[in-house]
Amino acid sequence: MIVLKQDEYALLQRLIMRLPAVQQEVLRLRFNLGLCHAEIASLLNKTEGAVQVIFSRTIHSLQAKYQ
């Protein structure tokens, strides 16, 4: 498990809040609710492939900005 310092957590929260709504929702459904890509796709009325792309691009974007 990754433990973030308070300032790192605050930075990550700010970065997430700047994301488009659909990217925020995919992250929320994946990490807060623990849903898989197929379940998220069903809820968002998207294909599983589209959700995988959104998730992957979002994670890579956050990693690039966080570092």
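Remember, it's a predicted structure, so these values are computed and weren't measured experimentally. Residue indices begin from 1 for each chain and proceed along its sequence in written order. Note on the predicted model: pLDDT of at least 70 is required for a residue's local features to be given, and 80 or more for side-chain atom pairs to be given and counted; whole-chain, interface and lining totals, by contrast, use all residues. Hydrogen atoms and water are omitted, and side-chain values are computed over all heavy atoms in the structure.

Caption draft 1: Broad picture of the overall build of the protein chain. Note on conventions: DSSP H or I runs of at least 4 residues are helices, E runs of at least 2 residues are strands, and numbering of each starts at the N terminus. Counting its regular elements, the protein chain contains 4 helices and 0 strands. When the helices and strands of the protein chain are listed from N to C terminus, the series reads α-α-α-α. Overall, the protein chain is about 35 × 20 × 15 Å in size when its C-alpha atoms are taken along their principal axes. The 67 residues of the protein chain split such that 21% are buried. The contact criterion used is simple: two residues touch if any of their non-hydrogen atoms lie within 4.5 Å. Nonlocal contacts in the protein chain, meaning residues at least 24 apart in sequence, comprise 48% of its contacts between residues at least 6 apart. Carbon and sulfur atoms make up 55% of the accessible area of the protein chain, which amounts to about 5,000 Å² in all. The buried label goes to any residue with under 20% of its type's maximum accessible area, the exposed label to any with over 50%, and the partly exposed label to all in between, with areas taken from a 1.4 Å probe on protein chains only. Where accessible areas are quoted, they stem from the Shrake-Rupley method and a 1.4 Å probe; at the residue level, only the protein chains shown are allowed to cover.

Caption draft 2: View of the confidence of the model for the protein chain. pLDDT measures how confident the predictor is about each residue, on a scale from 0 to 100. Across the protein chain, pLDDT averages 92, with 94% of residues at or above 70. Here helix 1 (residues 6-17) is the element of the protein chain with the lowest mean pLDDT, 89, and helix 3 (residues 37-44) is the one with the highest, 98.

Caption draft 3: Expanded view of the side chain of Gln23. On the secondary structure map, Gln23 appears in helix 2 (residues 21-32). We classify Gln23 as buried; its relative accessible area is 17%. At 3.2 Å, the side chain of Gln23 forms a polar contact with the side chain of Thr58. When neighbours within four sequence positions are excluded, Gln23 is seen to be in contact with Ile54 and Thr58. Side-chain atoms alone can form a polar contact between residues adjacent in sequence; in general such a contact is a pair of N or O atoms within 3.5 Å, and within protein one must be able to donate a hydrogen while the other accepts it.

Caption draft 4: The pattern of salt bridges, seen in detail. A pair is scored as a salt bridge if a Lys or Arg side-chain nitrogen falls within 4 Å of a carboxyl oxygen belonging to Asp or Glu. Scanning the entire structure with this criterion turns up 1 salt bridge. Here Arg28 makes a salt bridge to Glu25, at a shortest N to O gap of 2.8 Å. In this pair, Arg28 and Glu25 both sit in helix 2, 3 residues apart, roughly one turn of the helix.

Caption draft 5: The arrangement of the packing of helix 2 against helix 3 in detail. All axes are obtained by fitting lines to C-alpha atoms, using only the stretch in contact for helices, and the reported angles, taken between N-to-C directions, cover 0 to 180 degrees. The interhelical angle for the contact between helix 2 and helix 3, taken along N-to-C directions, is 135°, at an axis separation of 10 Å. What the angle tells us is that helix 2 and helix 3 run oblique. The two elements helix 2 and helix 3 cross, and the hand of that crossing is right-handed. Residues Val22, Glu25, Val26, Leu29 and Arg30 of helix 2 form the contact with helix 3, whose own contacting residues are Ile40, Leu43 and Leu44. Any angle that is under 35 degrees is reported as roughly parallel, and any over 145 degrees as roughly antiparallel; angles of 65 to 115 degrees are reported as roughly perpendicular and all others as oblique. Two helices cross in a left-handed way if the nearer one is turned anticlockwise from the farther one by less than a right angle. They cross in a right-handed way if the turn is clockwise.

Caption draft 6: Just the environment of Gln24, in detail. Mapped onto the elements, Gln24 comes out in helix 2. Residues Gln24 and Phe55, 31 residues apart in the sequence, show an inter-C-alpha distance of 9.5 Å. Excluding residues that lie within four positions of it along the chain, Gln24 makes contacts with Ile16, Met17, Arg18 and Leu19. Side-chain polar atoms of Gln24 contact the backbone oxygen of Leu19, separated by 2.7 Å.

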